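Inside the fold
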Amino acid sequence: MPEEGYIDIHTHIIPGVDDGSKNIEETVSMLETAYNQGIRTMYATPHYGSGKERYDREYLIKQYELVKEKACQIGDGIEILLGNEIYYRHGTVDEIKSGQALTMNNTKYVLIEFDVDIRYKELYSALQKIVLSGYRPILAHIERYYCLHKKFDLLYAIKSLGVCLQINASSVIPKIQSEASFCRKAIRDGYISFLGSDCHSAGWRPPCMADAVKALTKKTPEKIMDRILYKNPAKIYNNEFI
């Protein structure tokens, strides 16, 4: 593993702002777990637009600064960057343009989620609108959308739009996810751009990046692992096209 460690692009570690960490003590526990899992950079992506958020901008920034302070004290330190997990709805593109909904560390990348029951045509159309508006959508936890499950031709079509696809780290671990074989195949076949923990606490859905890597390593080509763990996350950081 490179010295810089893993970059976790999808987390809910800011306390008291959504359905993730409840308090700063839980956040510290999550940060310690993340560090032990080899994570050295984390994007804090609290929900936006889903109804799960419980914050205004001033409070969010205050809590974010507190998390950054605590993260510096974990081991050699974890870098914390800010974004949102944005629930797509009417007006979402305008909210991104105005800065109400946050991009990933002020880049053109946006982490987007949808209702799990969304129809494929609606999903494709919404993602196309975001791309045509000049942003680079990252479709969060693609394994949850019924319209995409085991439909690799549709994954290919979405990726061809310029959309990046993210899978949750826990979803590739057979002991946790019954559909892990689908997720691992999607990674091996090159459809997936990122792993993200989507961590919500230190116990339930923790930041299990190293465990996911272990589950993938035997059958996944090294070049693909390198791409989803290091090269692609670095391109978000540098605001470069994938």
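Residues numbered from 1 in each chain as written. Predicted model: local features only at pLDDT ≥ 70, side-chain atom pairs only at ≥ 80, totals over all residues. Heavy atoms only, no water.

Side note on the sheet that holds strand β3 (residues 47–48)
For clarity, the threshold we go by: Should DSSP find at least two bridges between two strands, the strands are regarded as paired. Runs of H or I in DSSP of at least four residues are treated as helices and runs of E of at least two as strands, each being numbered from the N terminus. Residue contacts are defined here by distance: any two heavy atoms, one from each residue, within 4.5 Å place the two residues in contact. To get an axis, a line is fitted to the C-alpha atoms, and for a helix only the part in contact is used. The angle between two axes follows their N-to-C directions and goes from 0 to 180 degrees.
The strand order across the open sheet formed by 6 strands is β3-β5-β6-β7-β8-β9, and the pairing between neighbours is parallel. Among the strands making up the open sheet, the edge pair consists of β3 and β9 (194–196). On the sheet, helix α4 (residues 120–132) packs against β6 (109–113) and β7 (136–139) and is oriented at approximately 145° with respect to β7. Each of β6, β7 and β9 is contacted by helix α8 (residues 222–237), which is oriented at about 90° to β9, the strand it contacts most.

Topic: the pattern of salt bridges
Where we set the bar: Take a side-chain nitrogen of Lys or Arg and a carboxyl oxygen of Asp or Glu: if they are within 4 Å of each other, that pair is a salt bridge. Only protein chains enter the accessibility calculation, which uses a 1.4 Å probe. A residue is then buried if its area is under 20% of the maximum for its type, exposed if over 50%, and partly exposed in between.
Under the counting rule described, the total for this entry stands at 6 salt bridges. Across the pair D198 and R144 runs a salt bridge, and its minimum N-O distance is 3.1 Å. One end of the pair, D198, is in the loop between β9 and α7 (209–217); the other, R144, is in the loop between β7 and α5 (152–160), and 54 residues separate them in sequence. What makes D198 buried here is its relative accessible area of 1%. Since its relative accessible area comes to 28%, R144 is described here as partly exposed. When the shortest N-O distance is used, the salt bridge between K185 and D189 registers 2.8 Å. The partly exposed category is assigned to K185, whose relative accessible area is 33%.

Quick notes on a positive patch on the surface
Put simply, the rule reads: The patch calculation keeps residues exceeding 30% relative accessible area without a salt bridge and links them within 9 Å when they carry like charges or within 5 Å when they are nonpolar (Val, Leu, Ile, Met, Phe, Trp, Tyr). Here the Shrake-Rupley method, with its probe set to 1.4 Å, supplies the accessible areas, and only the displayed protein chains count as covering residues. Working convention for charge: Lys and Arg count positive, Asp and Glu count negative, and His plus the chain ends are omitted. Positions of charges follow a simple convention, taking NZ of Lys, CZ of Arg, CG of Asp or CD of Glu.
Taken together, K175, K214, K218 and K219 make up a surface patch of like positive charges. Residue class for K218 comes out exposed when judged on its relative accessible area of 82%.

Examining the packing of helix α1 (residues 24–36) against helix α2 (residues 57–71)
Note the cut-off: Here roughly perpendicular refers to angles of 65 to 115 degrees, roughly parallel to angles under 35, roughly antiparallel to angles over 145, and oblique to all remaining angles. For any helix crossing, the convention is left-handed if the near helix is rotated counterclockwise from the far helix by under a right angle, and right-handed if that rotation is clockwise.
The interhelical angle for the contact between α1 and α2, taken along N-to-C directions, is 45°, at an axis separation of 10 Å. Viewed along their axes, α1 and α2 adopt a mutual orientation that is oblique. Note on packing geometry: the crossing formed by α1 with α2 is right-handed. Where α1 abuts α2, its residues I24, T27, V28 and L31 lie against L66, V67, K70 and A71.

Quick notes on the nonpolar core
Rule in force here: By nonpolar core is meant a set of buried Ala, Val, Leu, Ile, Met, Phe, Trp, Tyr and Cys residues that side-chain atoms within 4.5 Å join together.
One finds I80, F114, L139 and L195 to be the most contacted residues of the largest nonpolar core, which totals 70 residues. When residues no more than four places from it in sequence are discounted, the contact partners of F114 are Y87, Y88, L123, A126, L127, L139 and Y145. Counting 12 residues, the second largest nonpolar core, distinct from the first, contains I138, C164, F194 and I236.

Quick word on the pairing of strand β1 (residues 6–11)
Where we set the bar: We call a crossover right-handed when, viewed with the strands running away from us, the connection from the first strand over the helix to the second turns clockwise.
Here β1 lies mainly inside the structure; 6 of its 6 residues are buried. The sheet contact formed by β1 and strand β2 (residues 39–44) spans 4 bridges and is parallel. Each bridged residue has a counterpart across the sheet, and for Y6 the counterpart in β2 is I39. The parallel pair β1 and β2, bridged by α1, forms a crossover whose chirality is right-handed.

All quantities given are derived from atomic positions and should not be read as evidence of function.
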